[in-house]
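The chain contents come next:
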Amino acid sequence: MTGATHRPGRPDPLDDDLGWMLGIVFRGYVRAAEHALTDFPGGPRGYQLLTAAINGPARNQGAIAEEIGVDRTVLTYLIDDLEGPGFVARRADPADRRNRLIEVTDAGRAAWEQRRTALRQVESHLLGALTPPESATLRSLLQKVACSAQAADPLRDLCEVVTEVHAEPASPTARRTGAAAVRSGRTASPRTRRSTG
């Protein structure tokens, strides 16, 4: 299945490797999503921020940053990007004037609905090999795994997990660099985001 190195009659180890499978699906989704969101303020991350902010009461920047897995500084720039065209607005938190709450505007809701439709088409294409019931089952299982992973907060603890797996402590510099890369999404290994994400 994986290409020229596959020998007929012998299972390819990659075909059973979760990282390989997630990586292939993730890269396919990212390419298509980036195309669908090419002119959206902040790109896929801007869309994720809007998705996180669109439901429920207004929340502060820290809560949204934690939910979508980005550094608070990066989130500030994303909010700036979305505030420019009037998709979101910042307002003071009545409970704590030092905090800013993020509210989605009517223009932001309209933009989100439009892009959501485009991304649903991307998802349908990506899951085209599945029947509708299989697709629904996959989504349900992925949601369960994603919620479990989010509860364990792997974005904060990923460097520690890698260190435990290799059973050798990373240097403080490597740990800081690794944590920064994880927060910014610049990692070499395939990783899923809340999503989009």
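Notes on the structure follow. (Residues numbered from 1 in each chain as written. Predicted model: local features only at pLDDT ≥ 70, side-chain atom pairs only at ≥ 80, totals over all residues. Heavy atoms only, no water.)

With respect to the overall build of the protein chain
Assigned secondary structure in the protein chain consists of eight helices and three strands. If you sum the accessible surface of the protein chain, you get close to 12,600 Å²; carbon and sulfur atoms cover 57% of it. (Helix = DSSP H or I, 4+ residues; strand = E, 2+ residues; numbered from the N terminus. Areas by Shrake-Rupley, 256 points an atom, 1.4 Å probe, with all protein chains shown as cover.)

Observations concerning the pairing of strand β2 (residues 88-93)
One ladder, built from six bridges, connects β2 with strand β3 (residues 96-104); its direction is antiparallel. Bridging across to β3, R91 finds its partner in L101. Hairpin connection of β2 to β3: two residues between the antiparallel strands. (Pairing = 2+ DSSP bridges.)

Brief notes about the environment of V30
Within the secondary structure layout, V30 lies in helix α1 (residues 18-36). Classification of V30 as partly exposed rests on a relative accessible area of 24%. (Buried < 20%, exposed > 50% of the residue type's maximum accessible area, 1.4 Å probe, protein only.)

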